[in-house]
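Listed below, chain by chain, are the residues.
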Amino acid sequence: MQFSQHRSAFFMLAPATLLLGVFIIVPMLLTIWLSFHEWSTQTGFETATFVGLQNFFDIFAGNSVGRDFKAALLNTGIYTLASVVVILPLSVLLGLLVHQKLAPGGIFLRTVLFATYMVPMIAVALVFSKLYSPSEGPINQMLGWIGIPPQTWLSAPQTALGSIVLLNVWQQIGYFTVLAVAGLTQIPDSLYEAAKIDGASPLQRFWSITLPMLANTLLFSSVIAIINAVQVFEPVALITQGGPVNSTNVLTYHIRRVGIERAQGGLGSAMAVTLMLSLIVAITALFAFFRSREGKSA
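Residues numbered from 1 in each chain as written. Predicted model: local features only at pLDDT ≥ 70, side-chain atom pairs only at ≥ 80, totals over all residues. Heavy atoms only, no water.

K.L.:
Explain the overall build of the chain here, please?
P.N.:
When you go through the chain residue by residue, the secondary structure sums to 13 helices and two strands. Dimensions of the chain along its principal axes, counting C-alpha atoms only, are 75 × 75 × 35 Å. Burial status across the chain gives 38% buried among its 298 residues. Split by element, the accessible area of the chain, about 17,300 Å² in all, is 70% carbon and sulfur. Distance between charge centres in the chain, computed from 14 positive and 11 negative side chains, equals 5 Å. (Helix = DSSP H or I, 4+ residues; strand = E, 2+ residues; numbered from the N terminus. Buried < 20%, exposed > 50% of the residue type's maximum accessible area, 1.4 Å probe, protein only. Areas by Shrake-Rupley, 256 points an atom, 1.4 Å probe, with all protein chains shown as cover. Lys, Arg positive; Asp, Glu negative; His and termini not counted. Charge placed at Lys NZ, Arg CZ, Asp CG, Glu CD.)

See below:
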């Protein structure tokens, strides 16, 4: 009977495991293998020449290849950090607003917020490109009402990356607000009632009850927000193409430029592997930070 149960489990898991292997594990292993080779994407895999760690040395060298890669890595880090720093507190704030039982229209507001996440990123990028227009864009028109001159949001290196961050926040905030609301519903009302009896203020209840009880939700939201931010591609490809002056040239777009447009598959694979390792390190550090916080609170 035990053998029969194992066999049934094997047959049920086989389709999902096969799809996972074909579309995720095999491409990942192939990318790691190509990162140690010099290979043109215009030729077959049999033309790949083993070069060891040379590709990794090249992307961190002081030449143009290394400078462009390190600039793209820095842009990705800034974009990811800014997105997470804005999205997480804002999602908690909106979650508290939506979760209030006495606030009218909470369900409607929750629906509107989550609807932004369901809009395709391509559509969001095209709409925001019009909103940021220096001449007829609504943002500059509203700024003109209070005497602020038109801004070149996407044409200036100082504001281009920040403009893409705001686009990402608008598109993602609804999803993370729903996660925050889900976490808030798991907090027992008895904790707040006991805190009220003890004379705790709303701010004290937030810091002592709400925030600690949302730790797991915030950890999950942080991981998802980091992964989503690192994978940014459509806004850059559709609006700025990495400009101006490479100020929005993030790693995903740079890898496409190197690996496909320049046909340097081995070099692009090394960049992709470096991005994957950086993501693993960041998420591992995030888990370690939350564990340390839990240890201190315990």
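K.L.:
What's the story with the packing of aromatic side chains in this structure? I'm lost.
P.N.:
We describe a pair of aromatic rings using the distance from one ring centre to the other and the angle between the two ring planes. All told, the structure shown has 11 aromatic pairs when counted by the stated rule. Both rings, one in Phe206 and one in Trp207, keep their centres 5.5 Å apart while their planes meet at 75°; by these two values the pair is edge-to-face. When the centroid spacing of 6.0 Å and the interplanar angle of 40° are considered together, the rings of Phe233 and Tyr253 count as tilted. Taken together, the residues span a long stretch of sequence, with Phe233 in the loop between α10 (215–230) and α11 (234–240) and Tyr253 in helix α12 (residues 251–261) at a distance of 20 residues. (Phe/Tyr/Trp six-rings, centres within 6.5 Å; stacked < 30°, edge-to-face > 60°.)

K.L.:
Hey, could you run me through the environment of Thr159 in this one?
P.N.:
Its location among the elements puts Thr159 in the loop between α6 (138–145) and α7 (160–185). Sequence-distant contacts of Thr159, that is, excluding residues within four places in its chain, are made with Thr152 and Trp153. Polar side-chain contacts of Thr159 include one of 3.3 Å to the backbone oxygen of Thr152. (Contact = heavy atoms within 4.5 Å. Polar contact = N/O pair within 3.5 Å; in protein donor to acceptor, adjacent residues only side chain to side chain.)

K.L.:
Honestly, helix α3 (residues 64–99) in this entry has me stumped. Any pointers?
P.N.:
Since one α-helical turn is 3.6 residues long, residues separated by three or four positions face the same way. With 36 residues, α3 should cover 52 Å at 1.5 Å per step; its first-to-last C-alpha distance of 51 Å lies within 8% of that length. Two to three positions downstream of the cap, the backbone nitrogen of Val65 sits 3.3 Å from a side-chain oxygen, assigning the N-cap of α3 to Asn63. (Expected span 1.5 Å × (residues − 1).)

K.L.:
What is the right way to look at the pattern of salt bridges in this model?
P.N.:
A side chain with one charge can pair with a side chain of the opposite charge if their charged atoms come near. Inspection of the entire model under this criterion finds one salt bridge. Glu261 is the partner of Arg256 in a salt bridge, and the nearest nitrogen-oxygen pair spans 2.6 Å. Its relative accessible area of 47% is what places Glu261 among the partly exposed residues. (Salt bridge = Lys/Arg side-chain N within 4 Å of Asp/Glu carboxyl O.)

K.L.:
Explain α10 here, please?
P.N.:
For α10, with 16 residues, the first-to-last C-alpha span of 22 Å sits near the 22 Å given by 1.5 Å per residue. Looking only at α10, the buried set comprises Ala215, Thr217, Leu218, Leu219, Ser221, Ser222, Val223, Ala225, Ile226, Ala229 and Val230.

K.L.:
Quick question: what am I supposed to make of the packing of α3 against α7 here?
P.N.:
For any two helices packed against each other, one specifies the crossing angle of their axes together with the interaxial distance. Relative orientation of the contacting elements α3 and α7 amounts to 40°, with a least axis distance of 6 Å. Considered as vectors, α3 and α7 are oriented oblique to each other. Helix-helix and strand crossings are classified by hand; for α3 and α7 the assignment is right-handed. Among the residues making up the contact of α3 with α7, the classes are represented as 19 nonpolar, nine polar and no charged. (Axes fitted to C-alpha atoms, helices over the stretch in contact; angles between N-to-C directions. Parallel < 35°, antiparallel > 145°, perpendicular 65-115°, else oblique. Left-handed = near helix turned anticlockwise from the far one by under 90°. Nonpolar A, V, L, I, M, F, W, Y, C, P; charged D, E, K, R; others polar.)

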